[in-house]
Amino acid sequence: MLKLFKRKNKDIFDRLDTNNLPKHIGIIMDGNGRWAKKRGLPRSAGHRMGAKVLEQITRDAGHLGIKFLTVYAFSTENWVRPKDEVDALMKLMTEYLDDYRRLIGDDDIRIRIIGSKEGLSEEILQKIDVVENATKDNRAITLNIALNYGGRDEIVQSVRKIGHMIKSGDIDPDLIDEKLISENLYTNYMPDPDFIIRPSGEMRLSNFLIWQSAYSEFWYSDINWPDFTRNDLIRSIVDFQKRNRRFGGV
Ligand code: IPE
Ligand code: IPE
Ligand code: MG
């Protein structure tokens, strides 16, 4: 699989160091609405196209050897959008979960959903359980879909869990440290994202992985998410590999 992939993308692939890949890539899938508007289509058409692109990019990332991919699909703030758009997004998510076998194909993709359950329909919650269970032994790449996700909300729920542990006498407040807070985030099973990609020209995090991104490298691009390609992914990683990550050192 990787051979074919390499042959098809030879020009950029040659510049990629496969021994120095990001371990965890985060993508803020933005620009669906603008993509649709440019073409005179409803915003929902942009979201639909964005979902297609996600399928391709997940497979590509897996073939490249990326272990964790976390994508921002719906934020805790996105509920303020018009009801028909929120409904269209939830419908798309439902279809996506129903179609998970097609998304995975022959690939060893594990799917997990991160975010708050509050406000999600019973139907979606059930489908999430099914997909997470069905893919739990897949190991090549984990696709985390951030749905009803907010970084601040995530920290609040971590603090709340720790509060309960203190109340029940399981831990001493003096034992609260960064590790304990991290362990109680939705992302406790994976390394922090070393690389975050945001298409569509915006230069902000919009509440995405705010705790985990303390030392993430960022990559911005004017491309709207539905136009994002394998080439863009590889190009961005090549750029990541040129960065000098110092973590406060010299
Ligand atoms: C990202 O695209 C998808 C979601 C936030 C659900 P947008 O819908 O934000 O597209 P723009 O930013 O309006 O173009
Ligand atoms: C961030 O995009 C959320 C997702 C991509 C799901 P938004 O379009 O909601 O972010 P803002 O409003 O431009 O900051
Ligand atoms: Mg947007």
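Please refer to the structure higher up on the page.
Here goes a summary of the coordinates provided.

About the thresholds
- Here, residues in each chain are numbered from 1, in the same order as that chain's written sequence.
- Whichever chain is written first is A, and whichever ligand is written first is 1; the rest continue in order.
- Predicted model: local features are reported for residues with pLDDT of at least 70 only, side-chain atom pairs are reported and counted for 80 or more only, and whole-chain, interface and lining totals are derived from all residues.
- Excluding hydrogens and water, the side-chain values take into account all heavy atoms of the structure.
- Note on terminology: a nonpolar core comprises buried Ala, Val, Leu, Ile, Met, Phe, Trp, Tyr and Cys residues joined through side-chain atoms within 4.5 Å.
- Only protein chains enter the accessibility calculation, which uses a 1.4 Å probe; a residue whose area is less than 20% of its type maximum is buried, one above 50% is exposed, and one in between is partly exposed.
- Counting from the N terminus, the helices are the DSSP runs of H or I reaching at least four residues and the strands are the DSSP runs of E reaching at least two.
- Contacts are residue-level and defined by heavy atoms, with any inter-residue pair within 4.5 Å sufficient.
- For two strands to be treated as a pair, DSSP must find no fewer than two bridges joining them.
- Counted as salt bridges are all cases of a side-chain nitrogen of Lys or Arg within 4 Å of a carboxyl oxygen of Asp or Glu.
- Any residue with a heavy atom positioned within 4 Å of a molecule or strand is treated as near that molecule or strand.
- Between N or O atoms, a polar contact is any pair within 3.5 Å; within protein, one atom must be a potential hydrogen donor and the other a potential acceptor, and residues adjacent in sequence are included only when both atoms are from side chains.
- We call Asp, Glu, Lys and Arg charged. Ala, Val, Leu, Ile, Met, Phe, Trp, Tyr, Cys and Pro are nonpolar, and the rest, Gly among them, are polar.

Bringing the nonpolar core into the picture now. Formed by 50 residues in total, the largest nonpolar core has its most connected members in I25, I27, L64, I111, L233 and I237. Looking at this core element by element, the count peaks at seven residues for helix α5 (residues 83-98). Residues within four places of I25 in sequence aside, it is in contact with I66, F68, L69, T70, F195, I197, L233 and I237.

Here we take up the pairing of strand β5 (residues 195-198). By the alternation rule, side chains of β5 split into F195 and I197 and I196 and R198, which are all buried. Two elements, β5 and strand β6 (residues 217-220), share four bridges in a ladder whose sense is parallel. By the bridge assignment for β6, F195 is matched with E217.

This next bit is on the environment of I27. As for its position among the elements, I27 is in strand β1 (residues 24-28). The spatial distance from the C-alpha of I27 to the C-alpha of W225 is 9.5 Å, given a sequence separation of 198 residues. Leaving out residues up to four positions away in the same chain, I27 has contacts with I57, L69, T70, V71, Y72, I197, P199, F208 and W225.

Among the 11 residues that make up helix α10 (residues 230-240), eight are buried, leaving the element largely enclosed by the rest of the structure. Turning to α10, its buried residues are R230, D232, L233, I234, S236, I237, V238 and F240.

Moving on to the pattern of salt bridges. One pass over the structure, following the stated rule, counts 21 salt bridges. Close ionic contact of R34 with D30 constitutes a salt bridge, the shortest N to O distance being 3.5 Å. Given a relative accessible area of 16%, D30 falls into the buried group. Of the charged contacts in the structure, one is a salt bridge between R243 and E217, with a shortest N-O distance of 3.0 Å. Of the two residues, R243 is situated in the segment after α10 and E217 in strand β6; the sequence distance between them amounts to 26 residues. For R243, a relative accessible area of 26% translates into the label partly exposed. Residue classification places E217 among the buried residues on the basis of a relative accessible area of 16%. Connected via shared salt-bridge partners are D30, R34, R198, E202 and R204.

Turning to the site of ligand 2, a few remarks are in order. All residues adjacent to ligand 2 are I28, M29, D30, Y72, A73, F74, N78, R81, R198, R204 and S206. Here D30 contributes a side-chain N or O atom positioned 3.3 Å from an oxygen atom of ligand 2. One of the side-chain nitrogen or oxygen atoms of R81 is found 3.2 Å away from an oxygen atom of ligand 2. Grouping the constituent residues of the shell around ligand 2 by class yields five nonpolar, two polar and four charged.

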